[in-house]
Amino acid sequence: DVTVRWISGHDGVVGNEIADKQAKLAAEGRRRSSPNRDLPLYLRAGLSHNLAALKQSHSKDMKDKWSEQWQTSTRYARTQCIDPKLPSASF
């Protein structure tokens, strides 16, 4: 059984640190989720994704991929003698 109560703050609340630790473990995937049969129907299909987090992850992946491709190109070797800081995001 779970009881949910609204509180004005987390300081001095019994069990708050334990709840925070368990939530962090669940978010990191270190804790097994409930079996689908035990979940309400609306949660069985999965939760929607955080759009901002998806965009950030995609942007980082593309930047890493581009950086690898750039460093193996012939242009990279030629521009290093001109300016070793190239390519630069600042102008």
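Relevant structure appears above.
Residues numbered from 1 in each chain as written. Predicted model: local features only at pLDDT ≥ 70, side-chain atom pairs only at ≥ 80, totals over all residues. Heavy atoms only, no water.

Student: Talk me through the overall build of the protein chain; I want residue IDs and the actual numbers.
Tutor: Scanning the protein chain for helices and strands turns up 4 helices and 0 strands. Mapped from its N terminus to its C terminus, the protein chain presents α and β elements in the order α-α-α-α. A buried classification covers 3% of the 91 residues belonging to the protein chain. Carbon and sulfur atoms form 54% of the exposed surface of the protein chain, whose accessible area is close to 9100 Å². (Helix = DSSP H or I, 4+ residues; strand = E, 2+ residues; numbered from the N terminus. Buried < 20%, exposed > 50% of the residue type's maximum accessible area, 1.4 Å probe, protein only. Areas by Shrake-Rupley, 256 points an atom, 1.4 Å probe, with all protein chains shown as cover.)

Student: Which residues make up the pattern of salt bridges, and what values do they have?
Tutor: The final tally for this structure, using the stated rule, is 1 salt bridge. In this structure, Asp64 and Lys60 form a salt bridge, with 2.8 Å as the shortest nitrogen-oxygen distance. Separated by 4 residues within a single helix, Asp64 and Lys60 lie in helix α3 (residues 51–71), roughly one turn from each other. (Salt bridge = Lys/Arg side-chain N within 4 Å of Asp/Glu carboxyl O.)

Student: I'd like to hear about α3, residue by residue, with values.
Tutor: Here α3 is 21 residues long and its end C-alpha atoms lie 30 Å apart, about the 30 Å a rise of 1.5 Å per residue gives. Measuring from the backbone nitrogen of Ala52 back to the side-chain oxygen at the start of α3 gives 2.9 Å, which picks out Asn50 as the cap. (Expected span 1.5 Å × (residues − 1). Polar contact = N/O pair within 3.5 Å; in protein donor to acceptor, adjacent residues only side chain to side chain.)

Student: Tell me what's going on with the side chain of Thr79, and back it up with residues and numbers.
Tutor: Here Thr79 shows up in helix α4 (residues 74–80). Contacts of Thr79, omitting those with residues within four sequence positions, involve Trp70 and Leu86. (Contact = heavy atoms within 4.5 Å.)

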